[in-house]
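One-letter residues, chain by chain:
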Protein chains: 2
Amino acid sequence: MKRYEDLSPSLRCIMTPGPVEVDPRVLRAMSFPILGQFDPEFTSIMNETMEMLRELFATGNQWAYPVDGTSRSGIEAVMVSLIAPGDRVLIPIFGRFGHLLHEIAERCGAEVFVIEKTWGSVFEPGEVIAAMHSFKPNVVAMVHGETSTGRVQPLAEIGRACRELDALFIVDAVATIGGVPVETDAWMLDAVIGGTQKCLSVPSGMAPITYNERAEAKLLTRKRVERGLRTSEVQPGELSFVRSNYFDLSMLQDYWSPLRLNHHTEMTSMLYALREGLRLTLEEGLEERFARHVLNEKALVAGLTAMGLELYGDPSCKLTVVTCVIIPEGVDGESVRSMLLERFGIEIASSFGPLKGLIWRIGTMGFSCRENNVLRVLGALEATLLRHGVSLPCGLAVQAALDVYEANIR
Amino acid sequence: MKRYEDLSPSLRCIMTPGPVEVDPRVLRAMSFPILGQFDPEFTSIMNETMEMLRELFATGNQWAYPVDGTSRSGIEAVMVSLIAPGDRVLIPIFGRFGHLLHEIAERCGAEVFVIEKTWGSVFEPGEVIAAMHSFKPNVVAMVHGETSTGRVQPLAEIGRACRELDALFIVDAVATIGGVPVETDAWMLDAVIGGTQKCLSVPSGMAPITYNERAEAKLLTRKRVERGLRTSEVQPGELSFVRSNYFDLSMLQDYWSPLRLNHHTEMTSMLYALREGLRLTLEEGLEERFARHVLNEKALVAGLTAMGLELYGDPSCKLTVVTCVIIPEGVDGESVRSMLLERFGIEIASSFGPLKGLIWRIGTMGFSCRENNVLRVLGALEATLLRHGVSLPCGLAVQAALDVYEANIR
């Protein structure tokens with residue numbers, strides 16, 4: 001029999017747009033022995049997690065709970081539950097993850113209308129609103145922070161327009177939640193999906209979502225009680241029922257409600273991790289946390305610029321937590337990334353589609369977003385570029401970042 | 001701001017049909033710092049996990065990997081990927097989880113044919129084969145071990161018939177994998193779903209699956225490359241494409257293959273846990289592990305019988321890892337369960353649908369399946385029943401179980 005070794009993953013400095021490093025308190029939470037899913041101690045952990053999620057999403061919504069899967073599972077759960085076959089869905093796309101929303105909406109059987117923006121920029125709210133007037137969608141779905149291009153889309157005006165034109169507004173805030181303000185109620189977002197493995201710094205495995213009464217009303221028109229638990233044969237939602245059992249939010253909310261109607265077996269250890277990640281986030285304070293992300297971005301950008309590197313994309317809509325760097329002419333971007341990982345233990349990200357080979361993406365998210373990591377990645381990148389024959393002004397990058405941190409203390 | 005306390009779940013003796021107690025080695029594995037999803041150290045952990053899953057499923061299949069979600073996610077992924085709208089699907093039902101397969105098949109848009117067996121028994125293979133001749137299904141889906149009734153369905157003859165009649169055979173082995181033999185290749189199962197939180201004793205959160213070339217061939221006819229990653233507009237599987245992106249196995253297998261085509265962000269900590277749970281299982285040895293489950297069941301049954309309790313269901317098809325006990329006349333089953341949990345720290349399960357209030361279900365699964373737990377539950381159940389005014393022969397239950405263990409040593 002083949003022998004498999006003890007697990008002993010190397011310690012990494014993870015400066016990608018996720019997954020990122022995890023606070024030791026969250027790692028420890030996962031090592032606690034488990035409780036049964038209907039144990040009163042466990043259901044009280046479920047309830048506390050819902051409370052904390054409401055604060056995180058800045059919402060008074062009743063429904064705020066995690067879907068059991070990676071971030072993508074939360075997106076699919078919201079879309080498959082809120083988009084009925086034949087619904088008119090508008091997807092404004094400004095990067096790779098907008099294409100994912102298009103992909104999922106199509107699989108839901110929607111009539112999809114797409115408007116696209118050149119990668120590296122975002123939409124003027126008026127452009128989206130004009131498209132809404134012309135396509136008359138029932139649902140608008142878009143990304144808040146695009147990690148593929150490092151851009152952030154302003155949402156408040158679009159949210160108001162969706163309310164006025166009676167469209168449901170679904171927002172993918174996977175990359176922003178916990179690192180950048182996401183104002184569910186103030187911006188009139190009807191359903192929001194957050195990610196765990198980015199600014200919350202909880203390992204991938206859960207997708208926190210929230211949705212309001214407008215979204216719930218649509219959900220309930222499609223509701224179907226699970227076979228084996230039904231009391232009658234006639235089902236109100238028979239015609240437009242949700243094509244997924246796992247992702248049917250009308251069933252998930254019954255499981256997360258005091259009814260505790262049996263559905264899946266809740267992921268115990270992941271929920272422990274999420275609860276601890278949320279506690280850390282709320283203990284730090286959301287405003288303080290957003291400010292920390294801004295400060296570290298500022299230091300990183302100062303360092304990269306001092307090194308003579310050029311940033312990608314329209315600066316007016318730069319996403320705080322992802323910095324896209326143009327790979328200097330003649331440099332093999334993948335060779336630089338490998339050297340950073342193998343010699344320095346630092347991971348930065350490559351990129352997708354039209355940007356492949358053209359930019360690196362450096363994340364400053366959650367627990368990874370801290371001074372010593374920023375200084376470390378700047379020093380190592382400088383050394384690695386030198387080793388690749390790039391001529392650059394030595395020593396300035398780390399000094400420029402230190403200047404930013406010191407100015408912040410004064 | 002509300003203060004949330006440190007996590008400190010009570011230690012439980014979990015004797016339900018899942019989730020069950022987790023080995024400390026698995027809990028520790030989850031506390032290791034994470035790696036990035038494309039870190040070579042991480043992809044090698046993915047590959048090792050696939051190797052170990054092949055052993056677990058007793059298969060030479062290329063594809064054996066976890067779906068990122070609870071057990072139910074694995075069932076839905078296999079069904080939504082292998083059942084096209086309009087497919088003829090036969091579901092033989094002998095308990096609650098057969099109804100779940102029916103539910104999911106319907107949501108996949110299949111034409112579903114159901115045959116039902118009274119709860120507490122299973123099908124004669126000939127009954128299923130006769131139904132296949134009459135309904136001519138493309139797919140047959142059924143449960144191997146029904147935790148709702150504590151029964152196990154023999155599968156080999158049905159598997160052979162599916163091969164002869166050219167139907168795909170999908171098997172839900174969530175409750176049996178790692179505790180009861182599951183012979184994927186020998187029984188000609190085309191796709192099998194296992195569970196983590198039962199006999200593997202890994203926390204809920206992943207669903208290991210395997211499928212063979214027959215299943216893959218069907219999958220590939222439905223394949224669609226994700227928008228944003230496509231090279232051409234015409235898609236071969238355009239007509240019968242899979243209605244889910246998250247659960248599309250043709251995409252998941254590209255992610256688990258050396259291609260590593262980006263899909264979701266793999267659940268790092270859960271994969272660490274699964275790898276460690278598989279290591280523990282293979283170190284113990286599958287045959288030895290199955291024998292341990294048989295021994296502990298024997299001791300539990302001896303103890304319950306000595307206490308004068310009656311078991312539910314046809315003994316010829318009893319599932320080793322779940323023992324269903326008829327609640328004695330006049331006893332409030334829920335009051336007994338609460339007392340066991342609150343005073344003794346022991347959890348046993350209630351039951352679903354037609355059995356609600358009539359039986360308790362006691363699991364002997366994975367890490368929970370050990371002598372000291374069996375003795376503990378017998379002693380505590382006796383004391384609790386006495387406290388509820390049941391007259392029973394005192395002291396015999398634990399002695400009867402000890403007799404079984406001692407006879408096994410001799």
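This one's a predicted model, so the numbers in the text were calculated from it and none came from an experiment. Here the residue numbering is sequential within each chain, running from 1 through the sequence in written order. Written order determines the labels here, with chains lettered from A and ligands numbered from 1. Thresholds applied to this predicted model are a pLDDT of at least 70 for local features of residues and 80 or more for the giving and counting of side-chain atom pairs; totals over whole chains, interfaces and linings are not thresholded and use all residues. Heavy atoms from the whole structure form the basis of all side-chain values; hydrogens and water molecules are not counted.

**A word on the packing of helix α3 (residues 71-82) of chain A against helix α4 (residues 96-107) of chain A**
All names here are of chain A. Basically, it comes down to this: Convention adopted: a line fitted to C-alpha atoms gives each axis, helices being fitted over their contacting stretch, and angles between N-to-C directions are expressed from 0 to 180 degrees. Every helix listed is a DSSP run of H or I at least four residues long, and every strand listed is a run of E at least two residues long, numbered separately from the N terminus. Angles are sorted into four bins: roughly parallel if under 35 degrees, roughly antiparallel if over 145, roughly perpendicular if 65 to 115, and oblique for all others. Here a crossing is taken to be left-handed if its near helix is turned anticlockwise relative to the far helix by less than a right angle, and right-handed if that turn runs clockwise. Pairs of residues are marked as contacts when any of their non-hydrogen atoms sit within 4.5 Å. Gly counts as polar in this scheme, as do all residues outside two lists: the nonpolar Ala, Val, Leu, Ile, Met, Phe, Trp, Tyr, Cys and Pro, and the charged Asp, Glu, Lys and Arg.
Contact geometry for α3 and α4: axes closest at 10 Å, N-to-C directions at 45°. Relative to α4, the element α3 lies oblique. In this structure, α3 crosses over α4, and the sense of that crossing is right-handed. Contacts from Arg72, Ile75, Glu76 and Met79 of α3 reach α4 at Arg96, Leu100, Leu101, Ile104 and Ala105. A breakdown of the residues in the contact of α3 with α4 according to their chemical character gives 6 nonpolar, no polar and 3 charged.

**Things to note about the domain arrangement of chain A**
Residue and element names in this part refer to chain A. Which entries qualify depends on this criterion: An automatic or database domain assignment provides the domain bounds reported here. Accessible area that two parts lose when put together, with a 1.4 Å probe and added across both, is what the buried area reports. In what follows, salt bridge is the name for a side-chain nitrogen of Lys or Arg lying within 4 Å of a carboxyl oxygen of Asp or Glu.
In terms of domain boundaries, chain A breaks down into domain 1 (22-281) and domain 2 (285-409). Placing the centre of domain 1 and that of domain 2 at their C-alpha centroids yields a distance of 30 Å. Domain 1 puts 30 residues into the contact, and the matching count from domain 2 is 25 residues. Roughly 2,200 Å² is buried in total at the junction of domain 1 and domain 2, and carbon and sulfur atoms are behind 64% of that figure. Contact with domain 2 buries area across many residues of domain 1, yet Trp119, Arg151 and Thr281 alone supply 24% of it, more than any other trio. Our count for the domain 1 to domain 2 interface comes out at 0 salt bridges. Looking at the side of domain 1 that touches domain 2, the elements that each hand over two or more residues are α2 (40-56), α4, β6 (145-146) and β7 (151-152). Counted by class, the side of domain 1 that touches domain 2 contains 12 nonpolar, 12 polar and 6 charged residues.

**Points about the packing of aromatic side chains**
Going by this rule: Stacked, edge-to-face and tilted are the three classes for Phe, Tyr and Trp ring pairs, Trp counted by its six-membered ring, which pair at centre distances within 6.5 Å; planes under 30 degrees apart are stacked, over 60 edge-to-face, the rest tilted. Buried residues are those whose accessible area, probed at 1.4 Å on protein chains only, stays under 20% of the maximum for their type, while exposed residues exceed 50% and partly exposed ones sit between those limits.
Per the counting criterion, the structure on display carries 22 aromatic pairs over all chains. Each ring, one from A:Phe97 and one from A:Phe352, has its centre 6.1 Å from the other, and the planes form 85°; the classification is edge-to-face. A residue pair is termed long-range when its members are at least 10 positions apart, and A:Phe97 in helix α4 and A:Phe352 in the loop between β12 (346-347) and β13 (359-363) qualify at 255 residues. Exposure class is identical for A:Phe97 and A:Phe352. Each is buried. Measuring from ring centre to ring centre gives 6.3 Å for B:Trp63 and B:Tyr65, while their planes differ by 85°; the resulting arrangement is edge-to-face. Judged by its relative accessible area of 6%, B:Trp63 is buried.

**A few points about the nonpolar core**
The following threshold applies: Residues grouped as a nonpolar core are buried Ala, Val, Leu, Ile, Met, Phe, Trp, Tyr and Cys residues, joined through side-chain atoms within 4.5 Å.
Counting 198 residues, the largest nonpolar core has A:Met79 and B:Met79 as the members making the most contacts within it. Residue contacts for B:Met79: discarding those within four places in its chain leaves B:Ile91, B:Leu101, B:Ile104, B:Ala105, B:Cys108, B:Ala141 and B:Ile170.

**A look at the sheet that holds strand β5 (residues 139-143) of chain B**
All names here are of chain B. The criterion, for reference: Strands qualify as paired when DSSP identifies two bridges or more between them.
Ordered in space as β2-β10-β9-β8-β5-β3-β4, the 7 strands form an open sheet in which the pairing is mixed. Two strands lie at the open edges of the sheet, namely β2 (63-67) and β4 (111-116), each paired on one side alone. Strand-to-strand twist across the sheet, computed as the mean angle between neighbouring axes with direction ignored, equals 20°.

**Concerning the interface of chain B and chain A**
So the rule is basically this: Nitrogen and oxygen atoms within 3.5 Å of one another constitute a polar contact, given that in protein one can donate a hydrogen and the other can accept it, and given that sequence-neighbouring residues count only through two side-chain atoms.
Listed by partner, the interface residues are 85 residues for chain B and 85 residues for chain A. For the pair chain B and chain A, the summed buried surface comes to about 7,800 Å²; carbon and sulfur atoms form 54% of the total. Counting across the chain B and chain A interface gives 10 salt bridges. The salt bridge partner of B:Lys2 is A:Glu51, with a shortest N-O separation of 2.9 Å. Taken together, the links from chain B to chain A amount to 41 residue pairs in polar contact (both at pLDDT 80 or more).

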